[in-house]
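Given next are the chains, with one letter for each unit.
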Amino acid sequence: MATHTASLFSIATGSSDPIYRQLIEQVRRFIAAAVLKPGDILPSVRDVALVLAVNPMTVSKAYNMLETEGLLSRARGVGMLVAERRSAIKHDREHLMRPILERAGAEARQLELDPAAVMTLFAKILEEYK
Amino acid sequence: MKPLIVEISGLHKAFGKQQVLQGVDWSIEPGKVIGLLGRNGAGKSTLLECLLGLREADAGASLVYGEVATALSDHVRADIGYVPQQSELFSWLTPLQLLDYFKALYPRWNTAKVDGLMQRWGFGGEAGNKQIGKLSGGEKQRLSIIRALAHDPKLLVLDEPVASLDPVGRRDFLHELVDGVIERDTTVIFSTHILSDLERVALDVAFLQGGRITLQAPLDELLESAHRITGTGAALAGLKFVDEIRRQQDAGGGVSILARLSGAEAVALRAGPELRVETLSLEDLFVEVTK
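Residues numbered from 1 in each chain as written. Chains lettered and ligands numbered in written order. Predicted model: local features only at pLDDT ≥ 70, side-chain atom pairs only at ≥ 80, totals over all residues.

Peer 1: Please clarify how the domain arrangement of chain A should be interpreted in this entry.
Peer 2: Size of an interface: often given as the accessible area lost when the parts come together. For chain A, the domain assignment lists domain 1 (6–82) and domain 2 (89–128). Put simply, the middle of domain 1 of chain A and the middle of domain 2 of chain A, counted by C-alpha atoms, are 28 Å apart. (Domains from an automatic or database assignment.)

Peer 1: Sorry if this is basic, but what is going on with the sheet that holds strand 4 (residues 59–64) of chain B here?
Peer 2: Sheet strands pair via backbone hydrogen bonds, and the direction of the pair is either parallel or antiparallel. All names here are of chain B. As summarised here, the arrangement of the 4 strands in space is 2-1-4-5, forming an open sheet in which the pairing is antiparallel. Only two strands of the sheet have a single neighbouring strand rather than two, namely strand 2 (18–28) and strand 5 (67–68). The pairing of strand 1 (residues 6–15) with strand 2 spans 8 bridges and is classified as antiparallel. By the bridge assignment for strand 2, Phe15 is matched with Gln18. (Pairing = 2+ DSSP bridges. Helix = DSSP H or I, 4+ residues; strand = E, 2+ residues; numbered from the N terminus.)

Peer 1: Mind showing me how you'd approach the sheet that holds strand 14 (residues 276–279) of chain B here?
Peer 2: All names here are of chain B. Taken in spatial order, the 4 strands of this open sheet run 12-13-11-14, and their pairing is antiparallel. Only two strands of the sheet have a single neighbouring strand rather than two, namely strand 12 (244–249) and strand 14. Shown here is a sheet whose adjacent strand axes are inclined to one another by a mean of 15°, direction ignored. Pairing geometry for strand 12 and strand 13 (residues 254–260), over 5 bridges, is antiparallel. Bridge pairing in strand 13 links Gln249 to Val255. (Axes fitted to C-alpha atoms, helices over the stretch in contact; angles between N-to-C directions.)

Peer 1: I keep staring at the environment of Pro95 of chain B and nothing clicks. Help me out?
Peer 2: Residue and element names in this part refer to chain B. Here Pro95 shows up in helix 3 (residues 95–103). As for Pro95 and Leu269, which are separated by 174 residues in sequence, their C-alpha atoms are 58 Å apart. Non-local contacts of Pro95, meaning those with residues more than four positions away in its chain, are made with Phe123, Ala127, Gly128, Ile132 and Leu143. (Contact = placed C-beta atoms within 7 Å.)

Peer 1: Got a minute to help me understand the environment of Asp79 of chain B in this structure?
Peer 2: All names here are of chain B. Tracing the sequence through the fold places Asp79 in the loop between helix 2 (74–77) and strand 6 (80–83). With 19 C-beta atoms packed within 10 Å, Asp79 lands in the partly exposed category. If near-sequence neighbours (up to four positions away) are discounted, Asp79 is found in contact with Pro153, Lys154 and Leu155. (Buried ≥ 20, exposed ≤ 12 C-beta atoms within 10 Å, placed from the backbone.)

Peer 1: What exactly am I supposed to notice about the nonpolar core here?
Peer 2: Here is a general trend for soluble globular proteins: nonpolar side chains tend to be buried in one another's company. The biggest cluster of nonpolar side chains holds 97 residues, and the ones touching the most others in it are Val59 of chain A together with Ile34, Leu51, Ile146, Val157, Val201 and Ala206 of chain B. Once residues lying within four places of it in the same chain are set aside, the contact partners of Val201 of chain B are Val54 and Asn55 of chain A together with Val33, Leu174, Leu177, Val178 and Ile182 of chain B. (Core = buried A, V, L, I, M, F, W, Y, C linked by C-beta atoms within 7 Å.)

Peer 1: Explanation requested: the pairing of strand 11 (residues 226–232) of chain B in the structure shown.
Peer 2: Each regular strand shows side chains that alternate between the opposite faces of the sheet. Residues and elements named next belong to chain B. Here strand 11 runs beside strand 13; their pairing, made up of 7 bridges, is antiparallel. Directly across from Ile229, in strand 13, lies its bridge partner Ile257. Direction of pairing for strand 11 relative to strand 14: antiparallel, over a ladder of 4 bridges. Counted as the bridge partner of His227 is Thr279 from strand 14.

Peer 1: In this structure, what is going on with the domain arrangement of chain B? I would like to understand it.
Peer 2: Residue and element names in this part refer to chain B. Taken domain by domain, chain B holds domain 1 (6–210) and domain 2 (223–289). Each of domain 1 and domain 2 has a C-alpha centre, and the two are 36 Å apart. Each side of the interface is counted separately: domain 1 has 5 residues, and domain 2 has 4 residues. Where the side of domain 1 that touches domain 2 is concerned, the elements lending two or more residues are helix 7 (195–201) and strand 9 (204–209). A breakdown of the residues in the side of domain 1 that touches domain 2 according to their chemical character gives 3 nonpolar, 1 polar and 1 charged. (Nonpolar A, V, L, I, M, F, W, Y, C, P; charged D, E, K, R; others polar.)

Peer 1: For this particular structure, what's the right way to read unusual backbone geometry?
Peer 2: Trans is the common state for peptide bonds, and a negative phi is the common state for residues other than glycine. Its identity is not glycine, yet Ala53 of chain A carries a phi of approximately 55°, on the positive side. Structurally, Ala53 of chain A can be placed in the loop between helix 2 (45–52) and helix 3 (56–69). Of the residues examined, Ala53 of chain A has 19 C-beta atoms within 10 Å and is grouped as partly exposed. Unlike most non-glycine residues, Tyr65 of chain B shows phi in positive territory, near 50°.

Peer 1: What exactly am I supposed to notice about helix 1 (residues 44–51) of chain B here?
Peer 2: It helps to recall that an α-helix has 3.6 residues per turn; residues three or four apart then point in one direction. Residue and element names in this part refer to chain B. Of all 8 residues that make up helix 1, 7 are buried, and the element is covered over most of its length. Burial in helix 1 covers these residues: Lys44, Thr46, Leu47, Leu48, Glu49, Cys50 and Leu51. Just past helix 1, the residue Gly53 takes up positive phi, approximately 75°.

See below:
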């Protein structure tokens with residue numbers, strides 16, 4: 001069980017992703033990559049707000065949504081903890097790829113490419129990065 | 001519904017023949033942190049001045065805590081902090097003399113906060129005793145912010161508060177907003193062109209354009225819903241959106257629409273091969289909305 005500091009997070013302004021979305025995405029990734037493990041304590045809303053210089057309401061919003069999703073749980077007097085996992089991590093990792101692949105899919109449709117050609121290209125890219 | 005902190009209706013203001021405010025309606029609820037956006041010359045300063053009753057409007061009214069802005073009682077006045085764009089601070093005084101002078105005018109004055117800010121924001125040494133007229137633009141602006149925060153206002157109005165601050169000064173200011181202001185549930189209205197700062201702290205944005213508030217929304221919702229849809233005139237002619245902000249045609253016959261879409265609408269549009277559907281950053285949005 002580890003306690004994490006607010007420097008865990010980073011945000012980018014000038015993005016079309018609102019800051020609370022960026023925070024949610026980072027927590028999801030950290031959990032999927034086991035940087036955040038079940039029982040780990042997240043930095044407080046106030047600390048995150050101060051370190052990132054963002055509105056505390058934005059940080060609370062991200063934490064609350066992650067709690068609703070079941071990724072975080074609130075412990076009285078302690079703060080936000082990473083919840084115990086119910087599903088396999090592998091599933092989460094695949095889930096994280098989905099938005100990027102969806103965008104690639106939309107792009108392929110716009111370019112009116114043949115699905116088989118796209119799959120071949122993707123297989124080739126995966127090969128190149130091995 | 002919570003009582004409104006500011007209630008502006010039908011505000012008009014012209015300077016000579018130039019119409020600046022042309023019927024502004026604007027309501028602000030307590031605890032909101034609102035960024036006021038608009039092009040140079042859109043009338044943001046004029047609006048903020050009329051809001052506070054510092055400038056007489058030609059028509060319409062601004063109520064602050066239910067009182068007419070041009071005739072505020074002392075106790076409402078004591079709840080307001082204001083940082084003007086051009087600081088009209090008393091140039092013959094020193095920062096320490098200025099703060100002593102204002103301290104006497106307010107029933108509430110947070111001496112510990114003032115002393116802390118003076119130390120942290122560079123007035124601890126010599127600068128505290130230098131004539132204000134001889135301070136740099138950034139120093140004057142920092143002093144103006146300290147003065148506005150000194151009495152723990154419940155409503156803070158800032159007109160381009162960070163325009164002459166460097167990145168470190170801007171970050172210091174944001175920290176103070178996050179730590180000492182927003183945490184106390186203060187209502188904050190600020191105009192700025194520094195969108196990266198606005199994104200960090202503002203929960204709502206309001207656009208002043210053509211003398212009116214043309215768009216006001218929670219920033220998160222706006223970023224998530226605003227899309228630019230481009231395609232040929234033929235492809236877009238039949239498309240109508242409930243929340244269409246703007247539609248324009250370029251010389252080549254292409255059409256570009258700015259609209260707020262629901263998640264389902266955006267997915268459905270993306271599936272079509274002939275359209276380009278993009279989300280926008282706040283900067284893109286500013287450019288699109290104020291065109």
